[in-house]
Amino acid sequence: MIRLVTFWFASAWAINCVASPPLLIAGYLSNPLAGNSEENINQAGEAILLVNTTDNVLALDNYAITDFEPGVTSQTVFPAGSVLGPHGRLWIARDAAVFFRDMGFTPDYESGALDGDPNVPNLDIPVDQLSLDHAGDEVAITLAGDSTNVVDLVLISAGDSYNDAAALINANWSGAGVEPYIPPAMGTRGTLELRKIVGNSFVDTDKAVDWISETVTDTYPVLGRRTFRTGWLVDAYLDGPLEVTVPSTLSVYLSPDNAYEGVRDLIQSAQESILLK
């Protein structure tokens, strides 16, 4: 009897975003692992993950990253000529060397003046370099040169914006900010916030419920509330499953009754064998 059997593997695929902006904030690390005293003061392990949600190459120098500090006009921009391929993703780290130590791979850009790796290109930072406060902050993508034109925004915890950014935040975010989920026996540091993925789409409703740390809802009924930690295999989550359908022969046996014949036939049908001593 021939049936079609579906197997699931972690493999690269194109994750879409329904009604999402072309460049989306898909993750961030605002409370990195503890390092030496200088790293802790500088929050050197902070990072932001961006994804291209389109089928086209994006010119990144059209966009800027900001936390609206010291004011709404504060922007961190990409070097001229920077691009991101279709459905591509990139990591912006505050210190590339610390990011590599904590995450296990090299980021695409550095956002601060720390310059942990001279081989990683630096963003053009403002006087007050981009820094995320896990107790309350925002991170936003805006159009370069127009910080009032918000492409995507995430409210972190209670937020910590300057007054002149309040209207922009209220217009691009609804409800409470994203709070980390810290399971028992896990420390608060090193929690990586990631967007939920349903099917092959990032969830994007401009609410805290879009993120894996939030309580299970009807939009994410399978995995529920989750945590993700620094150093875990983040690509395995972001790549998602690849569905492969192959023809196969299935035999159904009831066990424990009548199981002997089925197990015997299965063993006898083996094409290869291993001798164990």
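Described below are features of the structure shown in this document. (Residues numbered from 1 in each chain as written. Predicted model: local features only at pLDDT ≥ 70, side-chain atom pairs only at ≥ 80, totals over all residues. Heavy atoms only, no water.)

**Some words on the layout of surface pockets**
The following threshold applies: Here a cavity is any set of points on a 1 Å grid over the protein atoms alone where a 1.4 Å probe fits but cannot get out, and a pocket is any open set with protein on both sides within 12 Å along at least 5 of 7 lines; a residue lines the site when it has an atom within 4 Å of a point. Grid points are joined across faces, edges and corners, and a volume is the space filled by probe spheres set on the points. The nonpolar class holds Ala, Val, Leu, Ile, Met, Phe, Trp, Tyr, Cys and Pro. Asp, Glu, Lys and Arg form the charged class, and all remaining residues, Gly among them, are polar.
In this model, the second largest pocket occupies a volume close to 160 Å³. Lining the second largest pocket are 13 residues, and of these Ser30, Asn31, His134, Pro180 and Glu193 sit closest to its centre. Per-class residue counts for the lining of the second largest pocket are five nonpolar, six polar and two charged.

**Examining the sheet that holds strand β9 (residues 109–110)**
Condition: Following DSSP output, two strands are said to pair if at least two bridges run between them. Secondary structure counts use DSSP, requiring at least four H or I residues in a row for a helix and at least two E residues in a row for a strand, with both numbered from the N terminus. Between two residues, a contact is recorded if the distance between any of their heavy atoms is within 4.5 Å. Between N-to-C directions, angles cover 0 to 180 degrees, with each direction set by a line fitted to C-alpha atoms, over the stretch in contact for helices.
The sheet built from five strands is open, its strands ordered β9-β8-β3-β2-β12 with mixed pairing. The open sheet is flanked by β9 and β12 (193–194), the only strands paired with a single partner. Pairing geometry for strand β8 (residues 89–93) and β9, over two bridges, is parallel. Along β9, the bridge assignment pairs alanine 93 with glutamate 110. The strands touched by helix α2 (residues 96–103) within the sheet are β3 (47–52), β8 and β9, with β8 carrying the most contacts at an inclination of about 115°.

**Regarding the pattern of salt bridges**
Basically, it comes down to this: Basic side-chain nitrogens of Lys or Arg form a salt bridge, by our definition, when they fall within 4 Å of a carboxyl oxygen of Asp or Glu. Here the term buried applies to any residue with accessible area under 20% of the maximum for its type, exposed to any over 50%, and partly exposed to those in between, with areas from a 1.4 Å probe on protein chains only.
In total, this model carries seven salt bridges according to the counting rule given. Here aspartate 235 and arginine 89 are joined by a salt bridge, their closest N and O atoms 3.3 Å apart. Of this pair, aspartate 235 sits in helix α4 (residues 234–239) while arginine 89 sits in strand β8, and the two are 146 residues apart along the sequence. The residue aspartate 152 makes a salt bridge to arginine 195 at a minimum N-O spacing of 3.2 Å. Separated by 43 residues along the polypeptide, aspartate 152 in strand β11 (residues 146–157) and arginine 195 in the loop between β12 and β13 (197–198) bring together distant segments of the chain. No difference in accessibility class separates aspartate 152 from arginine 195, as the two residues are buried. Salt bridges linked by common partners bring Asp152, Arg195, Asp204 and Asp210 together as one network.

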